[in-house]
Amino acid sequence: MRSDGPAADSAATKETRGDRIIAHCGFVVVVMVSAALARFTAHLAGFITAASFGALFVGAWAVMLKRGLSPRSAARRAYLYAFTWTNWL
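Here the structure is a predicted model, which means the values were calculated and not measured. (Residues numbered from 1 in each chain as written. Predicted model: local features only at pLDDT ≥ 70, side-chain atom pairs only at ≥ 80, totals over all residues. Heavy atoms only, no water.)

1. Notes on the nonpolar core
Phase 1 of the analysis: Of all hydrophobic cores here, the largest spans 6 residues; its members are Ala23, Val30, Tyr79, Leu80, Ala82 and Phe83.
Phase 2 of the analysis: Broken down by secondary-structure element, the contributors of at least two residues to this core are helix H1 (6-40) and helix H3 (71-83).
Phase 3 of the analysis: Among the elements that take part in this core, H3 stands out by supplying 4 residues, more than any other.
Phase 4 of the analysis: Setting aside residues no more than four positions away along its own chain, leucine 80 makes contact with Asp19, Arg20 and Ala23. (Core = buried A, V, L, I, M, F, W, Y, C linked by side-chain atoms within 4.5 Å. Buried < 20%, exposed > 50% of the residue type's maximum accessible area, 1.4 Å probe, protein only. Helix = DSSP H or I, 4+ residues; strand = E, 2+ residues; numbered from the N terminus. Contact = heavy atoms within 4.5 Å.)

See the structure below:
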């Protein structure tokens with residue numbers, strides 16, 4: 001995705017700021033649920049939960065890198081992809 005200069009970059013940054021907050025909440029929820037599952041049920045259930053979201057993030061990051069994005073931009077987009085599901089809660 002190409003931008004039309006600094007003004008477009010600033011607008012895109014402001015637009016995704018709310019999404020990043022939601023993604024942070026999603027990450028925290030995944031960590032808390034994984035820890036609770038590991039503590040109160042089988043340790044394997046907590047590991048599978050954390051590993052599933054980790055694999056989703058790594059897979060999305062690999063796809064973004066393959067599309068030609070910089071590693072930092074790819075990681076940001078993969079993070080948003082993997083953890084913004086809390087927007088639906």
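2. Things to note about H3
Phase 1 of the analysis: Helix length check: H3 (13 residues) gives 18 Å between terminal C-alpha atoms against 18 Å at 1.5 Å per residue, within 8%.
Phase 2 of the analysis: Of all the positions in H3, only Ser73, Ala74, Ala78, Tyr79, Leu80, Ala82 and Phe83 are classed as buried. (Expected span 1.5 Å × (residues − 1).)

3. Observations concerning helix H2 (residues 43-66)
Phase 1 of the analysis: For H2, which comprises 24 residues, the first-to-last C-alpha distance of 34 Å matches the rise-based estimate of 34 Å (1.5 Å per residue) to within 8%.
Phase 2 of the analysis: Within H2, burial applies to Gly46, Thr49, Ala60 and Met64.
Phase 3 of the analysis: Phi turns positive one or two residues past the end of H2, at glycine 68, with a value near 100°.

4. A closer look at the side chain of threonine 86
Phase 1 of the analysis: With respect to the helices and strands, threonine 86 occurs in the segment after H3.
Phase 2 of the analysis: Not counting residues up to four positions away in its chain, the partners in contact with threonine 86 are Ile22, Cys25, Gly26 and Val29.

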